[in-house]
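# Results of the structural survey
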Amino acid sequence: MAEQEATGLQVLLRTLQSCSDRESILTILQVLGDLLSVGTDRRIRYMISKGGSEALLQTLVDTARTAAPDYDILLPLFRLLAKVGLRDKKFGQKALELEALDVTLILTRKNLSHSQNLLHCLWALRVFASSVTTGAMLGINGAMELLFKVITPYTQKHTRVIRAATDLLAALLKSKSNSRRAVNRGYVTSLLRLHQDWHQHDTAGAYVPIRRVLLLCLKHIAALRSGREAFLAAQGMEILFSTTQKCLDDKSLGPIVSVVLQILRQCYPKCPLPLVTASSAYVFPVPGTTTSEPPRVLTEEDFEDDGDEEEDKDADSEDVKEEDDDLETDVNKLSSRPALDRPEEELLQYEAMCLELSCSFEELESKPGDDLNSGGTQYANHHHIPTEASPKQHCSNKDQNSWEQEREDTVQTSLLSMVKKGRSPVQRASKKGPGMRPCQNAQCSGLGMDSSGSEIPDIQAFLKEDAWDIDMISCPAMNASFPSFTKSRETVEVIDKLLQTHPRHIPFHDPYLYLAKARRTKSVADFKMMAFPDLWGHCPPPSPQPLLERKCGIQRIKIFEDVQRFIQPSDVINQVVFSLDEPWQDTASNCLRFSSKFESGNLRKAIQVRENHYRQSAAVAGGAPRTCYYTLTFAVTFPHSEDVCYLAYHYPYTYTTLMTHLDILEKSVNPKQVYFRQEVLCQTLGGNSCPLVTITAMPESDSTDHLEQFRQRPYQMITARVHPGESNASWVMKGTLEFLVSSDPVARLLRENFIFKIIPMLNPDGVINGNHRCSLRGEDLNRQWLSPGAPLQPTIYHAKGLLSYLSSTGHSPVVFCDFHGHSQKKNVFLYGCSIKETLWQAQSSVGSSAILEDVSYRTLPKILDKLAPAFTMSSCSFLVEKSRASTARVVVWRELGVSRSYTMESSYCGCNQGPYQGLQFGTRELEEMGAMFCLGLLILELKSVTCSRQLLSRAVALLNAEEDTLDLHLQRCSSSSSSGVPSELDDEPPCMEEIEYSPDSSSDQEGSFSELDRQIQEWAFHKDEGQEDEEGPGQGRKATP
Ligand SMILES: [Zn+2]
């Protein structure tokens, strides 16, 4: 059947091209028309593949070049051309080569007053112009002038022709050279005039499609700088603003309003950053640089995106997805392991950071039966992620038996009870997931505090002796009773009184210790102020906050407000009220006062725009030249007068907070049980210590067996906060740390079976000085892992050194994970590395089936997907991108051979799946994620072939006790282990079948073209109703999607 059709079709096409007999041609066109009218796109594509386009174009040229062109042939031919041309990506090029462009333009010119013929010519030109280069050629040959003769002056006669002409004009204006020509010929004014005329006369809204396409013409022109200038000069903002005001509520005019908004946004003059230089307001001399570069002055150039010089490009040449371009397809690069990036002797220095490998633990008694659990009740050894029982635990006053009670609670409410049950989201009515119970009493009694309480007098004494030179910013109303507040010598007393007046104990936080730590934190600007909330400590919001729903039309309102301000600038004040660069300007009265001179503060400049409208810029601006930034707008209502309010991008987590936290953690553990060592990985450029934490269980005794077990524990390495703005990563890390030292049975198992190496803050300087992404050198440290240098990227250099040392001594970590925050995606997810998936995605010619790859990199994310309420596998990716070649994830995977090397991203926003669907992330949820990550590591081990029999049996006992809360997932571990099948492999079907790739289904672009199809069909339907067509658009027809 298909065979017959093929031969038939080819014969027809061949005959059409060679035949000169009028009747035969008409018959063939008739047959082809019938054939294609019932057929699907596939039939048309088949015809194209058999040379259909060329045959039709050739017939057109031959017919048109005769002395008196025969319109009985031309009209059906044009309709066929339009139909076929829509589906032929190379149609414009073919038309150009066969000289069909010229003949069609000539026919168009001849038929300006014959609407029927004109309409058909315009349709043909429209498909020719689908290619931008052909469109540019048509422009050179005067097509636009011709079209303006058709569409101006305004008329409602022959609207079908006008529609086709505006469609064609819009297609032509996609070419930049045509847009330039339009600007030079003053078409911007003509188009605005037409827009006004149609707006005025089409009160019934019958011609929305024409009006919309006219606006699209303006939009294409406004892509050029000269186009925008012409638009502004022609009062375009005012015209579009005023014509649109009354249409806003009319839904049928929605398509018009949306294009108007796009034009207004495009043409709204870009506001230069109100900064003198692109460099930071703070200056830091980087070691090794002798000449200090003069600060780069911002010029107009920095803010202009000048696309005018760009060549006309065909859209289909850009079809290749950018993302895939970035994939690493060099198999050598993917699978070879580069040599060590430094002399091997250098690794010896890290021996001192792995004392656990050499320590003999002589202080331990050699009593294997010693019950370690009996001692140490004075240690606040628990994690405080709220659990079913924890509100009671936190909020009740402690009685004599509290510690004991607490221990019981802790054991009973292990992390396991918070594992998410299935994937069904909780009802929206009860927006609480597991572990989300709010603290009922605002004044929770702290837990971590108490153990360190004994330290308080010492610190106080220390602070009093040493004149205290750090002030804090607090609420003036609160200080009213402490008039001497500002005198630094008395700060401690003031804080003391404040803390007594407003007692609030935050677990694992201590304001006094914070004071001592803050003093050692070195900032470039030498901050003398402390942010009060940071000193005070953070309590998570009492209940989870729902995600804000985007109000319909909010963006519209904002844009119109902007435009109104632009065209009516009368109430604009525009006064600098705070500036790090020009501190003398910082004196304005009668307005809000700003400050950012405290740790992690990053406000550089504030400008009062109108009475209650301010504009702020970040302290470290920088950014690439010619980058356009968007403005975030938000409204704050201050509930109290004379109040101090802090505005932050996300829950802050400062370096000082971390250092305080680590000290309290260390004191909270029972040193007989928990091996917790805090040391300095290195000094940063800014002179701060980058902490390294080691957590494991103490060996049971110093017997050879126990020491052997201790030293053979596999390593896990976790890092965070290489990007200082991603404070969510620190909250996840906080959850991880607190869980790992806790008395949760899972934590105990983890400690007994692993050694955790944790670098909780890879970029302390960035955090302290309020950077968003960079180090003090202005570098993204997560792009320095390929070849970090000790002098300039010390934390990365030594983190990599430590990993190399572990690797060289046979202790490569089982898992490496770097915690990050994600500003665009929701939920929590992992990025990992896979050769096969990368080659597959890139559709590489290298047969990925030939490459052997351990698929275990997928196990941990799959486990977390089942455990952690916030986590979702569906956002995970395992592709190796060229642009990520120097990130921790890729370098640790490739150079250090850690197959489970990850970046864990936590949303700044919240969840759109799972039990937390529709909720924002508070610190509680982030901390919980940190704990769940640890549980994930344990289950990963249980599923691995190397898992020891002892761990397995203990874990199974523990997990079985929690049968109700754990799903089949875990039970399977125990059953598969008894059958002796290596569970890690068992669980992973071969890569190819298992992964649901969604290869870019070459989606049809019909959507955009179907409109022309529809017009042609509509013409066929209406053609007998006479020439004076006054068709309203879409009469009684379904609107095309
Ligand atoms: Zn990041």
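By convention here, each chain's residues receive numbers from 1 onward along its written sequence. With pLDDT at 70 or above as the cut-off, local features in this predicted model cover only qualifying residues; side-chain atom pairs require 80 or more to be listed or tallied, and sums for whole chains, interfaces and linings still use all residues. Just so you know, side-chain values use all the structure's heavy atoms and leave hydrogens and water out.

This next bit is on the overall build of the protein chain. Counting from the N terminus, the helices are DSSP H or I runs at least four residues long and the strands are E runs at least two residues long. Each helix and strand in the protein chain was counted, giving 43 helices and 12 strands. Partly exposed residues are those whose accessible area sits between 20% and 50% of the maximum for their type, while under 20% is buried and over 50% is exposed, using a 1.4 Å probe and protein chains only. Classification of the 1041 residues of the protein chain by burial places 53% in the buried group. Every residue pair with non-hydrogen atoms within 4.5 Å of one another is taken to be in contact. Contacts in the protein chain between residues at least 24 apart in sequence constitute 78% of all its contacts with a sequence separation of at least 6. Accessible surface, the protein chain as shown: approximately 47700 Å² in total, 51% of it carbon and sulfur. All accessible areas in this document rest on Shrake-Rupley with a 1.4 Å probe, and a residue is counted as covered only by the protein chains that are shown.

On to the coordination of the zinc ion. Coordination here is defined by N, O and S atoms within 2.8 Å of the metal (3.2 Å for Na, K and Ca), and since water is not considered, a site can look incomplete. Around the zinc ion, the donor atoms from the protein are H723 (ND1), E726 (OE), E726 (OE) and H820 (ND1), and they sit 2.1 to 2.2 Å away. Its 4 donor atoms give the zinc ion angles of 60 to 152° at the centre, a pattern that matches the irregular case. Note on geometry labels: four donors, all angles 85 to 135 degrees, give tetrahedral; four donors become square planar and six octahedral when opposite donors are over 155 degrees apart and every other angle is between 65 and 115; remaining cases are irregular.

We now examine the pairing of strand 6 (residues 674-683). With 7 of 10 residues buried, strand 6 is to be regarded as a mostly interior element. Any two strands with at least two DSSP bridges between them are considered paired. Summarising the sheet, strand 6 and strand 7 (residues 689-697) pair through 9 bridges and their orientation is antiparallel. Directly across from R677, in strand 7, lies its bridge partner T694. Count of turn residues in the strand 6/strand 7 antiparallel hairpin: 5 residues, of which G687 carries a positive phi of about 85°.

A helix is expected to span 1.5 Å for every residue after the first. For helix 8 (residues 115-128), spanning 14 residues, the distance from its first C-alpha to its last is 20 Å, which sits close to the expected 20 Å at 1.5 Å a residue. Burial within helix 8 is extensive, with 14 of its 14 residues counted as buried.

Next up on the list: the packing of aromatic side chains. Only the six-membered ring of Trp is used, alongside the rings of Phe and Tyr, when aromatic pairs are assigned; centres must lie within 6.5 Å, and planes under 30 degrees apart are stacked while those over 60 apart are edge-to-face, with the rest tilted. All told, the structure shown has 20 aromatic pairs when counted by the stated rule. One aromatic cluster is present, formed by Y154, W198 and Y207 through successive ring pairs. In our convention, an over-ring charge means Lys NZ or Arg CZ found within 6 Å of a ring centre and within 35 degrees of that ring's normal. Above the face of the Y797 ring, R342 is positioned so that its terminal group lies 3.9 Å from the ring centre. The ring of F829 is capped by K825, whose NZ or CZ atom sits 5.2 Å from the centre of that ring.

On to the nonpolar core, then. Soluble globular proteins tend to bury their nonpolar side chains together. Among the nonpolar cores identified, the biggest contains 105 residues, and L32, L56, L60, F128, L138, L169 and F231 are the most heavily contacted of them. Apart from residues lying up to four places away in sequence, L56 is in contact with L16, L29, L32, M47, L77, L80, L81 and V84. V419, M761, C934 and L935 belong to the second largest nonpolar core, which has 82 residues in total. Here the nonpolar core consists of buried residues drawn from Ala, Val, Leu, Ile, Met, Phe, Trp, Tyr and Cys, with membership extended through side-chain atoms lying within 4.5 Å.

To obtain an axis, a line is fitted to C-alpha atoms, over the contacting stretch when the element is a helix, and the angle between two such axes runs from 0 to 180 degrees between their N-to-C directions. It is the contact of helix 29 (residues 655-668) with helix 31 (residues 727-740), at a shortest axis distance of 10 Å, that shows an interaxial angle of 10°. If you check the angle between helix 29 and helix 31, you find them roughly parallel. In this structure, helix 29 contributes H661, L662 and L665 to the contact, and helix 31 contributes K734, L737 and E738. Note on residue classes: Ala, Val, Leu, Ile, Met, Phe, Trp, Tyr, Cys and Pro are nonpolar, Asp, Glu, Lys and Arg are charged, and everything else, Gly too, is polar. Its residues assigned to classes, the contact of helix 29 with helix 31 shows 3 nonpolar, 1 polar and 2 charged. Between 65 and 115 degrees an angle is taken as roughly perpendicular, under 35 as roughly parallel, over 145 as roughly antiparallel, and anywhere else as oblique.

What follows covers the pattern of salt bridges. Between Lys or Arg on one side and Asp or Glu on the other, a salt bridge is scored when a side-chain nitrogen of the former is within 4 Å of a carboxyl oxygen of the latter. Across all of its chains, the model carries 30 salt bridges by this definition. A salt bridge links R22 to D70; the shortest N-O distance between them is 2.3 Å. Of the two residues, R22 sits in helix 2 (residues 22-38) while D70 sits in the loop between helix 4 (52-64) and helix 5 (71-87), which places them 48 residues apart along the sequence. On the basis of relative accessibility, which here comes to 34%, the residue R22 falls in the partly exposed class. For D70, a relative accessible area of 17% translates into the label buried.

Take E881: it is sitting in the loop between helix 36 (859-867) and helix 37 (888-894). In protein, a polar contact requires one atom able to donate a hydrogen and another able to accept it; more generally it is a pair of N or O atoms within 3.5 Å, and residues adjacent in sequence count only if both atoms are side-chain atoms. A distance of 3.0 Å separates the side chain of E881 from the side chain of R889, its partner in a polar contact. Once you skip the residues sitting within four places of it in the chain, E881 turns out to touch D326, L327, E328 and R889.

On to the packing of helix 8 against helix 11 (residues 159-172). Running from N to C, helix 8 and helix 11 point in directions that differ by 25°, and their axes come no closer than 9 Å. Taken as axis vectors, helix 8 and helix 11 run roughly parallel relative to one another. Considering how the two elements wind past one another, helix 8 and helix 11 form a crossing that is left-handed. On helix 11, the residues that touch S115, L118, L119, L122, W123, L125 and R126 of helix 8 are R160, V161, A164, A165, D167, L168 and A171. Here the contact of helix 8 with helix 11 is composed, by residue class, of 10 nonpolar, 1 polar and 3 charged. Handedness of each helix crossing follows the sense of rotation of the near helix against the far helix: counterclockwise by less than a right angle gives left-handed, clockwise gives right-handed.

The subject of this paragraph is the sheet that holds strand 6. The strand order 6-7-9-8-10-12-11 describes an open sheet built from 7 strands, whose pairing is mixed. Since the sheet does not close on itself, it has two edges, and those belong to strand 6 and strand 11 (828-831), each with one partner. Recorded for the sheet is a direction-independent mean angle of 20° between the axes of neighbouring strands. Here 5 bridges tie strand 8 (residues 715-720) to strand 9 (residues 755-759), and the two strands are oriented parallel to one another. Opposite T719, over in strand 9, you have I759 as the bridge partner. Here helix 29 sits on the sheet in contact with strand 6 and strand 7, set at roughly 150° to strand 6. On top of the sheet, helix 31 reaches strand 7, strand 8, strand 9, strand 10 (816-822) and strand 12 (901-907); it is set at about 140° to strand 10, its chief contact.

Attention shifts here to the sheet that holds strand 3 (residues 575-579). A sheet is described by the order of its strands in space; here 3 strands give the open sequence 3-4-5, paired in antiparallel fashion. Each end of this open sheet is capped by a strand with a single partner; those strands are strand 3 and strand 5 (613-618). For this sheet, the mean inter-axis angle between neighbouring strands, taken without regard to orientation, is 20°. Bridge count for strand 3 against strand 4 (residues 603-610) is 4 bridges, and the pairing is antiparallel. Residue pairing for strand 4: V576 is matched across the bridge by I607.

Here we take up the environment of Y207. The topology assignment puts Y207 in the loop between helix 13 (187-201) and helix 14 (208-221). Residue Y207 is classed as buried on the basis of its relative accessible area of 8%. Between the C-alpha atom of Y207 and that of T159, which follows or precedes it by 48 residues, the distance is 8.7 Å.

A cluster of nonpolar side chains, namely L592, L632, F634, V636, F638 and L647, defines an oily patch on the protein surface of about 570 Å² accessible area. Checked against the element boundaries, F634 lands in the loop between strand 5 and helix 29. Patches here: salt-bridge-free residues with over 30% relative accessible area, like charges joined within 9 Å, nonpolar side chains (Val, Leu, Ile, Met, Phe, Trp, Tyr) joined within 5 Å.

Glancing now at the confidence of the model for the protein chain. Per residue, pLDDT measures the predictor's confidence, with a range of 0 to 100. Mean pLDDT over the protein chain works out to 79, with 75% of the residues at or above the 70 mark. Counting interchain partners and residues more than four positions distant, the pLDDT-below-50 stretch residues 474-487 has 22 contacts.

If you check helix 14, its first and last C-alpha atoms are 20 Å apart, about what 14 residues at 1.5 Å a residue would give, namely 20 Å. Most of helix 14 is tucked away, with 11 of its 14 residues classed as buried. Of all the residues in helix 14, the buried ones are V208, I210, R211, V213, L214, L215, L216, C217, L218, H220 and I221.

Secondary-structure assignment places S775 in the loop between helix 33 (764-768) and helix 34 (794-808). Owing to a relative accessible area of 6%, S775 belongs among the buried residues under this scheme. Apart from residues lying up to four places away in sequence, S775 is in contact with N763 and L781.

A word on unusual backbone geometry. Between T152 and the following residue, P153, the backbone shows a cis peptide bond with an omega angle of -10°. If you check the backbone angles, E99 has positive phi at about 65° while not being a glycine. In this fold, E99 is placed in the loop between helix 6 (91-97) and helix 7 (100-110). Accessibility expressed as a relative area gives 39% for E99, which makes it partly exposed. Even without glycine at this site, D526 takes up a positive phi of about 55°. Among the secondary structure elements, D526 is positioned in the loop between helix 26 (511-520) and strand 2 (529-531).

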